[in-house]
Amino acid sequence: MRSILLLAAATIVIVAERNALADGSGDPTAVKSENGKYFDKDGIPTFKVAADGTVDWYTYSGYRRYHSDCHVCHGPDGMGSSYAPALKDSLKTMSYADFLGVVASGRKNVNTAQENVMPAFGDNPNVACYMDDIYIYLRARADNAVGRVRPPKHEDKSAAYAETENACMGH
Ligand code: HEC
């Protein structure tokens, strides 16, 4: 009996360590950056948190965008609500492509008595221009790289980011 318990404990530790290194898009470790945007080994956008807690610009921007357009339904800090799922948990298994698809096209849950609707944001520039920002912030939440607070320190917005943002927003 005791050896079975020890075996179970060892298995839990291994699973916990794996979870710390992977989410729905794989290993989130940043291996390269372009103008302040970080990418993992598969070229998928990811977060970068320095030892002193400074986050990359996208994580910070995503925090702000999430809290202006998503938190009314999904709860503060990606924690979920009785109406919509905790995206902090969704991204543990959901891929980048699936995330973009649901946010752009929306989704309707017709299985429950109460009809829960995820609106389509593909035509809303306040979201569509910041898809990667929101994704990167939530990916950082899924991997416990940032906590339930506004990131206190962040990298500067790059000139390239500002240019793309202005073009996307039509300024
Ligand atoms: C009006 C409420 C509402 C708003 C605002 C909203 N969502 Fe949703 N979202 C939902 C509901 C409800 C679901 C679950 C739909 C279902 O069960 O099919 C959902 C599902 C999702 C999913 C799939 C999660 C999973 O586990 O499968 C993602 C990703 C998502 N939303 C992202 C976002 C993002 C990003 C924003 C902000 C830009 C946002 N949502 C804003 C209501 C909302």
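Given the structure is predicted, the values throughout are model-derived calculations rather than measurements.

**Q** Looking at this model, I keep getting lost on the overall build of the protein. Mind explaining?
**A** Scanning the protein from N- to C-terminus turns up eight helices and five strands. Counting across all 171 residues of the protein, residues that qualify as buried make up 38%. A separation threshold of at least 6 residues defines the contact pool for the protein, and within that pool the share at least 24 residues apart is 57%. Counting only carbon and sulfur atoms, one obtains 56% of the accessible surface of the protein, whose full area is about 9,800 Å².

**Q** In this structure, what is going on with the coordination of the iron atom of the ligand? I would like to understand it.
**A** A metal bound by six donors in octahedral fashion has ideal angles of 90 or 180 degrees, whereas one bound by four tetrahedral donors has an ideal angle of 109.5 degrees. Taken together, the protein donors to the iron atom of the ligand comprise His74 (NE2) and Met118 (SD), at separations of 2.0 to 2.1 Å. For the iron atom of the ligand, the six donor atoms in the first shell make angles of 88 to 179° at the metal, so the coordination geometry reads as octahedral. With His74 in helix α3 (residues 71–74) and Met118 in strand β5 (residues 116–118), this pair connects stretches of sequence that are 44 residues apart. The residues His74 and Met118 share a single accessibility class, namely buried.

**Q** Please explain the nonpolar core as it appears in this structure.
**A** Within soluble globular proteins, side chains that are nonpolar tend to cluster in buried spots. Grouped together as the largest cluster of nonpolar side chains are 31 residues, with contacts concentrated most on Leu91, Phe99, Val103, Tyr135 and Leu138. Breaking this core down by element, the ones donating at least two residues are α2 (57–69), α5 (96–105) and α7 (131–142). Here this core gets eight residues from one element, more than from any other, and that element is α7. Not counting the four nearest positions on each side in its chain, Leu91 is found in contact with Asp23, Gly24, Phe99, Tyr135, Leu138, Arg139 and Ala142.

**Q** Just to check I follow, could you spell out the environment of Arg150 for this structure?
**A** In this fold, Arg150 is placed in the loop between α7 and α8 (159–169). Placed 73 residues apart in sequence, Arg150 and Asp77 show a C-alpha to C-alpha distance of 8.9 Å. Ignoring sequence-local partners within four residues, the contact set of Arg150 consists of Tyr60, Tyr63 and Arg64.

**Q** How should I be thinking about the packing of aromatic side chains in this particular structure?
**A** Each aromatic ring pair is described using two quantities: the centre-to-centre distance and the angle formed by the ring planes. Scanning the entire structure with this criterion turns up seven aromatic pairs. Seen in terms of ring centroids, Trp57 and Tyr161 are 5.8 Å apart; in terms of plane orientation they differ by 80°. Their pairing is edge-to-face. Of this pair, Trp57 sits in helix α2 while Tyr161 sits in helix α8, and the two are 104 residues apart along the sequence. Its relative accessible area of 10% is what places Trp57 among the buried residues. Ring plane angle 55° and centroid distance 4.8 Å describe the contact between Tyr96 and Tyr135, whose orientation is recorded as tilted. Here the residue Tyr96 occupies a position in helix α5, and Tyr135 occupies one in helix α7, the gap between them amounting to 39 residues. Of the two residues, Tyr96 and Tyr135, both sit in the buried class. In this structure an aromatic cluster arises from ring pairing among Trp57, Tyr58, Tyr60 and Tyr161. Lying over the aromatic face of Phe39, Lys32 brings its terminal NZ or CZ to 5.3 Å of the ring centre.

Rules and cut-offs
- The residue numbering used here restarts from 1 in each chain and proceeds along that chain's sequence as written.
- Under the rules for a predicted model, residues below a pLDDT of 70 receive no local features and side-chain atom pairs below 80 are neither given nor counted, while totals for whole chains, interfaces and linings still include all residues.
- With hydrogens and water excluded, all non-hydrogen atoms of the structure serve as input to the side-chain values.
- Going along the chain from the N terminus, every DSSP run of H or I of four or more residues is numbered as a helix, and every run of E of two or more is numbered as a strand.
- Working definition: with a 1.4 Å probe on protein chains only, accessible area under 20% of the residue-type maximum means buried, over 50% means exposed, and in between means partly exposed.
- We call two residues in contact whenever any of their non-hydrogen atoms come within 4.5 Å of each other.
- Working definition of accessibility: Shrake-Rupley area with a 1.4 Å probe, residue cover restricted to the visible protein chains.
- Sites may look incomplete because water is not among the atoms; the donors themselves are N, O and S atoms within 2.8 Å of the metal, or within 3.2 Å for Na, K and Ca.
- A four-donor site is classed as tetrahedral when every donor-metal-donor angle falls between 85 and 135 degrees; four donors are called square planar, and six octahedral, when trans pairs exceed 155 degrees and all remaining angles lie between 65 and 115, with any other arrangement labelled irregular.
- Only buried Ala, Val, Leu, Ile, Met, Phe, Trp, Tyr and Cys residues count toward a nonpolar core, and they belong to the same one when joined by side-chain atoms within 4.5 Å.
- The rule is short: rings of Phe, Tyr and Trp, with Trp giving its six-membered ring, pair when the centres are within 6.5 Å, and they are stacked under 30 degrees, edge-to-face over 60, tilted in between.
- Charge over a ring is defined by NZ of Lys or CZ of Arg lying within 6 Å of the ring centre and within 35 degrees of the ring normal.

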